[in-house]
Amino acid sequence: MSSAWESVIGLETHAQLLTVSKIFSGAATAFGAAANTQASVVDLALPGVLPVLNVGAVECAIRFGIAVGATIAPRSIFARKNYFYPDLPKGYQISQYEIPVVQGGTLSFPVAPRDGEPYFKTVRLTRAHLEEDAGKSLHEDYQGMSGIDLNRAGTPLLEIVSEPEMRSSAEAVAYARTLHALVMWLAVCDGNMQEGSFRCDANVSVRPAGAQAFGTRVEIKNLNSFRFLQQAIEHEIRRQIELIEDGGRVVQETRLYDPDRDQTRSMRSKEDAADYRYFPDPDLLPLEVSPQWIERIRAQLPELPGAMRERLTREYGLPAQDAAALTASRALAQYFEQVAQAVTDKKAAANWIMGEVSAALNADDISVEQCPVPARELATLIARVGDGTINLKTAKDLFAVLWAREANSVDAVIEARGLKQISDTAAIERIVDEVLAANPAVVAEFRGGKEKALQALVGQAMKATRGKANPQQLNEVLRRKLA
Amino acid sequence: MRRPNATACSLCRGWSNERAREGGAVSELAHATLAQLGGMLDRRKVSAVELATHFLERIGRHRDLNAFLDVRPEQTLAQARAADARRARGEASALLGVPIAHKDVFVTRDWHTTASSRILEGYQSPFDATVVQALAQAGMVCLGKLNCDEFAMGSSNENSAYGNVLNPWDRGAVPGGSSGGSAAAVAARLAPIATATDTGGSIREPAAFSGVTGTKPTYGRPSRWGMIAFASSLDTAGLLTVSAQDCALAFNAMLGFDPKDSTSVDRPREDYTRSLEIDLRGLRIGVPTEFFAAGLEAEVEAAVRAALRQYEALGAQLVDVSLPNAALGIPVYYVVASAEASSNLSRFDGVRYGLRAKQYDDLLDMMRKTRAQGFGAEVKRRVLIGTYVLSHGYYDAYFLQASRVRRIIAEEFQRAFSRCDLIAGPVTSGVAFGFGEKSADPVAMYLADLYTVPSSLAGIPAMSIPCGFGRGNRPIGLQLMANHFDEARLLGVAHRYQCVTDWHARVPAGF
């Protein structure tokens, strides 16, 4: 990408809130039910129905607002956004327009660009507001007709809008990932991107490097994975730069990302943009949030990821990158703390969780809540390595045994399978003597200057002890005897 | 014109089923007050089934008024039988077994609900409006659904998709609107009481034109759940009754907090009959000078002034008050109400219920054609006005400005109420006009709401009570307005007037 250009990116994220019922009706919000079975008379917009605000949705918004250090508006207004669409039952969407409930705030996150040093970035948030989702139009299954499923109509959403402060697709993705982790950490959103619980729209523009004025922005919709977000932004930045360099002009429009073709295509231009005729919804009173309500929610908030990151570095002496990785989710962080509190080697606990545990979770595609190895056993495992009972190699094998649920007690397996590390110097010397006697050629190679030959001898000795020899001791004894 | 017997005793004395069948005392039953009907039911002088049958028969006999849109005797009689059974079990609520009819903007499970629009022809609601449900819970028996202006938009009932309602006093005159069917039904005693809605005068203007008592409570007092929305910030359910006393009795059952309506006010229930015997000595009645300016017809002014003198005779004191911006109420109202209506009526798109155009090219075309075919001219006009005033670039000049003036008008009422307890004036500038007289001139029609709109914008309770007759023997109404939540006193003040006058008790000839 040409360095003569700077890209400017802002994200609008819709997080579906984890409430049991809809934002203005008592219907359930669960995903995947048979079409229109979770649409109440309010969701269907039958004549005579009225909305009643779900306080649970407001609490989610307040939780989020506190977590990003935003101002919670003491009085915010629900407005009607008017447009006609078959899956918009009322002919308007209830949203917040002029006065949103969450105003301002910031989000800080680590960025790891493909070609550079990792760094931290802080982006300001413009606002976050409450609104209802629309239903779904189903065009495929009905020949010549469209089906309408209103189960999703009225589902509560928090639309989180960032300032246009991201400068690369890597920053945009890092922002989105951190936001994703945060809303799940706060238990305000399940973060399920396949089901559309967390979806992003990106506003992208480019300008000559060093310029102050913004270029014309393009909004890209339909970005339901981090990979698509990255690809779509990169594609769009390229498209805009090429367009301008070829003497063209970017037009303000909304484009839809097509992941199959890795392309964006125009949905509508600014000229066709609807006039939504926003006005305050007369069916709903202004939303009033008292300082007492905010404080009550603040008191119930879990420790936030930023604060926890700092505490982990402070209390456990972990590097910042480790603390960031371990606070990727609240459950992972809790798992780490349970393990770390039971062992003396905190760094070992971090390494195990970022290494073996994370790899196994990824391989099985399960979350840490479903981890088959209890924190208590992992702690024992780490302690047994630390006190020399077993070596690291044995520990990893033993971890696999626990993961496969073939056993549930580290000590019992060590005992039963005789996995105890051989740290008895006399025993190791005896084995080393045997190995040296049996492999005169390898010994000669080593003595002839071939350092690598030592590894073969270590391997032979390990094999003879079925992997149980203390590796440091073994090395030491071998070198001594070969010297 | 005939005066009915004035007391409860004379009404119930000697009345029997046999005589009812002969028709001799039938009208006496129809002309009884709610309290009298309740008393007769209580003493088993009449059953709820007999009462319902009686009113159904009158409804059938006076079909030419076109007051009713949907009558289902089997549903009515089922409710009446249930009421009789409740009474037989020892229940003794004041309204148990008393008939009522509902304006067609209240959704009902057992009757169609159309809001007098083609777009909802044959629509059956899966639930009852809270107001309907509350009155049914008190034991009131529904006689059917009443004609009105389409989506309650109009002042003459000429905007109904199902035809004009005739004024029982003069079939050549409009009954008023939008609750024209409710007013005509009560005036003709086809129902002893009827629900109605008032957005800018839709209860009070037809009450004045049809010579009945019409009461709009404080906005937020009655539930709007199940009331098809016209202008949500103004729509208020109320009643058309023969007397203020009847209204007070039914308000006890009808008004209360409803968690299904966010704009419903969470206040304890009250007894609206508690102030009926109010002493008027020392009561200060404010007379807004602006309501007696040019445009008010002499015969209306004379009747209203006579009513005010009557109040003075009862001990009240008249004080001049001013509502300087009341006249701006009309433009403010037609901006605010139309804006809300344009959005409220968006749901009628042919997708989920109601009319769907037969022929169309695609989805948008289906919606366009459905709305073009389903809405009448006045509804379209207001949707257009509302869409315009909310549009980008016009919002500040129209909607926002109107909202500001609305607040100013509400503040002027508060200033006036600092000097008086109640405000009185005319309801309309003239008596009921003839069919077609104003329908060609929307602005002239809109001006019919001149005196009723300000109190709607302020959200205060207001009523119209009969106070005389003008040319062609057409009724004249007196408007009484009170401060927020002061319904009990408002009804008491109206009742005292009705104790010493009989305008409200008069029945048009032939009914």
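The structure presented is a predicted model; accordingly, all values stated were derived computationally and were not measured.

The rules behind these values
- Residues numbered from 1 in each chain as written.
- Chains lettered and ligands numbered in written order.
- Predicted model: local features only at pLDDT ≥ 70, side-chain atom pairs only at ≥ 80, totals over all residues.
- Helix = DSSP H or I, 4+ residues; strand = E, 2+ residues; numbered from the N terminus.
- Rg over C-alpha atoms; globule rule 2.2 N^0.38 Å.
- Buried ≥ 20, exposed ≤ 12 C-beta atoms within 10 Å, placed from the backbone.
- Contact = placed C-beta atoms within 7 Å.
- Pairing = 2+ DSSP bridges.
- Domains from an automatic or database assignment.
- Right-handed = clockwise from strand over helix to strand, strands pointing away.
- Expected span 1.5 Å × (residues − 1).
- Arc of directions from axis to C-beta.
- Axes fitted to C-alpha atoms, helices over the stretch in contact; angles between N-to-C directions.
- Parallel < 35°, antiparallel > 145°, perpendicular 65-115°, else oblique.
- Left-handed = near helix turned anticlockwise from the far one by under 90°.
- pLDDT = per-residue confidence, 0-100.

With respect to the overall build of chain B
(1) Moving on: Looking only at helices and strands, one finds 18 helices and eleven strands in chain B.
(2) Moving on: Compactness check: chain B gives a C-alpha radius of gyration of 22 Å against a globular reference of 24 Å for 511 residues, within 12% of the reference.
(3) Moving on: With respect to the three principal axes, the spread of C-alpha positions in chain B is 70 × 60 × 45 Å.
(4) Moving on: Going through the 511 residues of chain B one by one, you find that 59% of them count as buried.
(5) Moving on: Look at the contacts in chain B between residues 6 or more apart in sequence, and 77% of them connect residues 24 or more apart.

A look at the overall build of chain A
(1) Moving on: Per the secondary structure count, chain A includes 15 helices and 17 strands.
(2) Moving on: Its C-alpha atoms give chain A a radius of gyration of 29 Å, clearly above 23 Å, the size a compact globule of 483 residues would have.
(3) Moving on: Taken over 483 residues, chain A has a buried fraction of 39%.

Brief notes about the environment of Tyr398(B)
Residues and elements named next belong to chain B.
(1) Moving on: Take Tyr398: it is sitting in helix 15 (residues 396-417).
(2) Moving on: Measuring from C-alpha to C-alpha, the distance between Tyr398 and Gly176 comes to 28 Å, with 222 residues separating the pair along the chain.
(3) Moving on: Excluding residues that lie within four positions of it along the chain, Tyr398 makes contacts with Val335 and Val389.

Concerning the pairing of strand 9 (residues 422-426) of chain B
All names here are of chain B.
(1) Moving on: Across the five residues that make up strand 9, a large majority, five, are buried.
(2) Moving on: Both strand 7 (residues 284-288) and strand 9 contribute to a ladder of two bridges, which runs parallel. Considered in strand 9, the bridge of Gly286 is made with Ile423.
(3) Moving on: In this structure, strand 9 lies alongside strand 11 (residues 475-482), joined through five bridges in antiparallel fashion. Note that in strand 11 the partner of Gly425 across the bridge is Gln479.

Some points on the domain arrangement of chain A
Residues and elements named next belong to chain A.
(1) Moving on: By the assigned domains, chain A splits into domain 1 (5-293), domain 2 (303-417) and domain 3 (425-482).
(2) Moving on: When each unit is reduced to the centre of its C-alpha atoms, the spacing between domain 2 and domain 3 is 32 Å.
(3) Moving on: Each partner contributes residues to the interface: domain 2 has four residues there, and domain 3 has four residues.

Some details on the pairing of strand 7 of chain B
Residue and element names in this part refer to chain B.
(1) Moving on: Looking at chain direction, strand 7 and strand 8 (residues 317-321) are connected through five bridges and run parallel. Looking at strand 8, one finds that Val287 is bridged to Asp320.
(2) Moving on: Since strand 7 and strand 8 lie parallel, the crossover through helix 11 (residues 298-313) that links them has a hand, and here it is right-handed.

Topic: helix 15 (residues 471-482) of chain A
Residue and element names in this part refer to chain A.
(1) Moving on: The end-to-end C-alpha distance of helix 15 is 16 Å, a good match for the 16 Å that twelve residues give at a rise of 1.5 Å each.
(2) Moving on: All buried positions along helix 15 are accounted for by Gln473, Leu474, Val477 and Leu478. In an axial view of helix 15, the angular spread of the buried residues amounts to 130°, which keeps them on one side of the axis. Pointing more than 90 degrees away from the buried face of helix 15 are the exposed residues Gln472, Arg479 and Arg480.
(3) Moving on: The inward-facing, buried residues of helix 15 contact helix 12 (425-438) and helix 14 (453-464).

As for the packing of helix 12 of chain A against helix 14 of chain A
Residue and element names in this part refer to chain A.
(1) Moving on: For the pair helix 12 and helix 14, the least separation of the axes is 10 Å and the interaxial angle reads 125°. Our classification of the angle between helix 12 and helix 14 gives oblique. Crossing of helix 12 against helix 14: the hand is right-handed. On helix 14, the residues that touch Ile431, Val432, Glu434 and Val435 of helix 12 are Leu457, Gln460, Ala461 and Ala464.

Some words on helix 5 (residues 305-316) of chain A
Residue and element names in this part refer to chain A.
(1) Moving on: Here helix 5 contains twelve residues, and its C-alpha end-to-end distance of 16 Å stays within 8% of the 16 Å for a straight helix at 1.5 Å per residue.
(2) Moving on: Those residues of helix 5 that are buried are in contact with helix 2 (169-185), helix 6 (320-326) and helix 7 (330-342).
(3) Moving on: Positive backbone phi, at 65°, marks Gly317, one or two positions downstream of helix 5.

Looking at the sheet that holds strand 5 (residues 92-96) of chain A
Residues and elements named next belong to chain A.
(1) Moving on: Spatially, three strands are ordered 5-4-16 in an open sheet, and the strand pairing comes out antiparallel. Strands at the two margins of the open sheet, each flanked by one partner only, are strand 5 and strand 16 (279-280).
(2) Moving on: Looking at chain direction, strand 4 (residues 78-82) and strand 5 are connected through five bridges and run antiparallel. Paired with Phe78 across the two strands is Gln96, which belongs to strand 5.

Examining unusual backbone geometry
It is generally the case that most residues other than glycine have a negative phi and that most peptide bonds are trans.
(1) Moving on: Each neighbour pair has its own omega, and for Gly177(B) with Ser178(B) the value is 5°, a cis peptide bond.
(2) Moving on: The backbone of Ala187(A) shows a phi angle near 60°, a positive value even though the residue is not glycine.
(3) Moving on: Among the secondary structure elements, Ala187(A) is positioned in the loop between helix 2 and strand 12 (198-208).
(4) Moving on: Judged by the 12 C-beta atoms lying within 10 Å of it, Ala187(A) falls in the exposed class.
(5) Moving on: Here Arg405(A), not a glycine, exhibits a phi torsion of approximately 60°, which is positive.
(6) Moving on: Relative to the assigned elements, Arg405(A) resides in the loop between helix 10 (392-403) and helix 11 (410-417).

Notes on the environment of Val161(A)
Residues and elements named next belong to chain A.
(1) Moving on: Position of Val161 among the secondary structure elements: in strand 11 (residues 156-162).
(2) Moving on: Note on Val161: 18 C-beta atoms within 10 Å, which makes it partly exposed.
(3) Moving on: A sequence separation of 41 residues divides Val161 from Ala202, and the C-alpha atoms of the two residues are 10.0 Å apart.

Details of the confidence of the model for chain B
Residues and elements named next belong to chain B.
(1) Moving on: Counting all residues, the mean pLDDT for chain B is 93, and 95% of those residues have values of 70 or more.
(2) Moving on: With pLDDT under 50 throughout, residues 1-25 is counted as low confidence; its partners more than four residues away or in other chains account for 35 contacts.
(3) Moving on: For this predicted complex, the interface confidence reaches an ipTM of 0.93, while the overall pTM sits at 0.89.

Side note on the environment of Ala416(A)
(1) Moving on: Summarising the element assignment, Ala416(A) is placed in helix 11.
(2) Moving on: Between the C-alpha atoms of Ala416(A) and Lys90(A), which are 326 residues apart in sequence, the distance is 68 Å.

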